[in-house]
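Letter by letter, the chains look like this.
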Amino acid sequence: MALIAGCGNPNPTFYMLSPEGPLPSGGGTGIGVGPVSLAEYVDRQNIVIQSGPNKLELAESHLWAGDLDNSVARVVATNLGRRLDTGNVRAYPWQRDSEIDFQVAIDIREFIAGSDGYAHIEATWRVYSLPGSKLVRSKTFIAKEPIENEDFEAVVAAQSRLLGKLSEDIAASIKGR
């Protein structure tokens, strides 16, 4: 991918992940997303690009508009609200567990743009029923999504679509409970 060539722009550009659409209004099943933990090499302000099998590069002037873990929690919470038809979603930390029926914890080990033209995610998620924090389901999710253009906006769009797929996987486990 030719993205690395565009990393030297002195004016930073900020990017944010996008949910699949707006959150439904009203109540419903209480869903709390978080905490979200990120692999150390992903947990930074810069977008991370894999430029070789064992080489990562930071896009110096292409930055996340906020903390990536909070952005992932916000997007997954909104996506789950849409998929489960509930407006009662929260991103971690929330004020009262009594408002939450299910907690979704996510550990992301890979969330990068690959040199193969795909965005990649590898994450383990766990769904707990509340109160009591009883484990309902735990799963490792691995997926990739094509990056449609050689620019950072396309990278972030592909990563947003990956979070949509992750949300679909989690929602299916909550529905099937």
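Rules used throughout
Residues numbered from 1 in each chain as written. Predicted model: local features only at pLDDT ≥ 70, side-chain atom pairs only at ≥ 80, totals over all residues. Heavy atoms only, no water. Helix = DSSP H or I, 4+ residues; strand = E, 2+ residues; numbered from the N terminus. Buried < 20%, exposed > 50% of the residue type's maximum accessible area, 1.4 Å probe, protein only. Phe/Tyr/Trp six-rings, centres within 6.5 Å; stacked < 30°, edge-to-face > 60°. Lys NZ or Arg CZ within 6 Å of the ring centre and 35° of its normal. Expected span 1.5 Å × (residues − 1). Contact = heavy atoms within 4.5 Å. Salt bridge = Lys/Arg side-chain N within 4 Å of Asp/Glu carboxyl O. Axes fitted to C-alpha atoms, helices over the stretch in contact; angles between N-to-C directions. Parallel < 35°, antiparallel > 145°, perpendicular 65-115°, else oblique. Left-handed = near helix turned anticlockwise from the far one by under 90°. Nonpolar A, V, L, I, M, F, W, Y, C, P; charged D, E, K, R; others polar.

K.L.:
Describe the environment of G66, listing the residues and the values that go with them.
P.N.:
Mapped onto the elements, G66 comes out in the loop between β4 (55-64) and α1 (68-84). Judged by its relative accessible area of 35%, G66 is partly exposed. As a C-alpha pair, G66 and Q45 span 21 residues in sequence and 7.5 Å in three-dimensional space.

K.L.:
Lay out the packing of aromatic side chains with the relevant residues and their values.
P.N.:
The way to describe two aromatic rings as a pair is by their centre distance and the angle between their planes. What the rule picks out here adds up to 2 aromatic pairs. The interplanar angle of 45° and the centroid separation of 6.5 Å between the aromatic rings of Y15 and F152 together place this pair among those described as tilted. Here Y15, found in strand β1 (residues 13-15), pairs with F152, found in helix α2 (residues 152-175); they are 137 residues apart in sequence, far enough to count as distant. An identical accessibility class is assigned to Y15 and F152; each is buried. A cation over a ring is seen here: K144 above Y118, with NZ or CZ 4.4 Å from the ring centre.

K.L.:
Lay out α1 in plain terms, naming residues and giving numbers.
P.N.:
Between its first and last C-alpha atoms α1 spans 24 Å; for 17 residues at 1.5 Å apiece the expected length is 24 Å, and the two agree. Burial analysis of α1 places 12 of its 17 residues in the buried class, the great majority of the element. Among all positions of α1, only L68, S71, V72, A73, V75, V76, A77, T78, N79, L80, G81 and L84 are buried. At its buried positions, α1 is contacted by β2 (31-38), β4, β5 (89-91), β6 (102-113) and α2. Downstream of α1 by one or two residues, D85 has phi in the positive range, about 55°.

K.L.:
If you had to explain the pattern of salt bridges to someone new, which residues and values would you point to?
P.N.:
Counted by the stated rule, this structure contains 10 salt bridges. K55 serves as the salt-bridge partner of E57, at 3.6 Å between the closest nitrogen and oxygen. For E57, a relative accessible area of 22% puts it in the partly exposed group. In this structure, the salt-bridge partner of K139 is D169, at a minimum N-O distance of 2.7 Å. Placement of the pair is K139 in strand β8 (residues 134-146) and D169 in helix α2, with a sequence separation of 30 residues. For D169, a relative accessible area of 15% translates into the label buried. Each of E145, E148, R161 and K165 takes part in a single network of salt bridges with overlapping partners.

K.L.:
Can you lay out the packing of α1 against α2 for me, pointing to particular residues and giving the numbers?
P.N.:
Interhelical geometry of α1 versus α2 gives an angle of 50° and a closest axis separation of 9 Å. By the angle between their directions, the pair α1 and α2 is classed as oblique. Once α1 is placed against α2, the crossing between them reads as right-handed. Every residue of α2 that contacts α1 at V72, V75, V76, N79, L80, R83 and L84 is listed here: L163, G164, L166, S167, E168, I170, A171, I174 and K175. Its residues placed into classes, the contact of α1 with α2 shows 10 nonpolar, 3 polar and 3 charged.

Any functional reading would require information beyond the geometric quantities listed.
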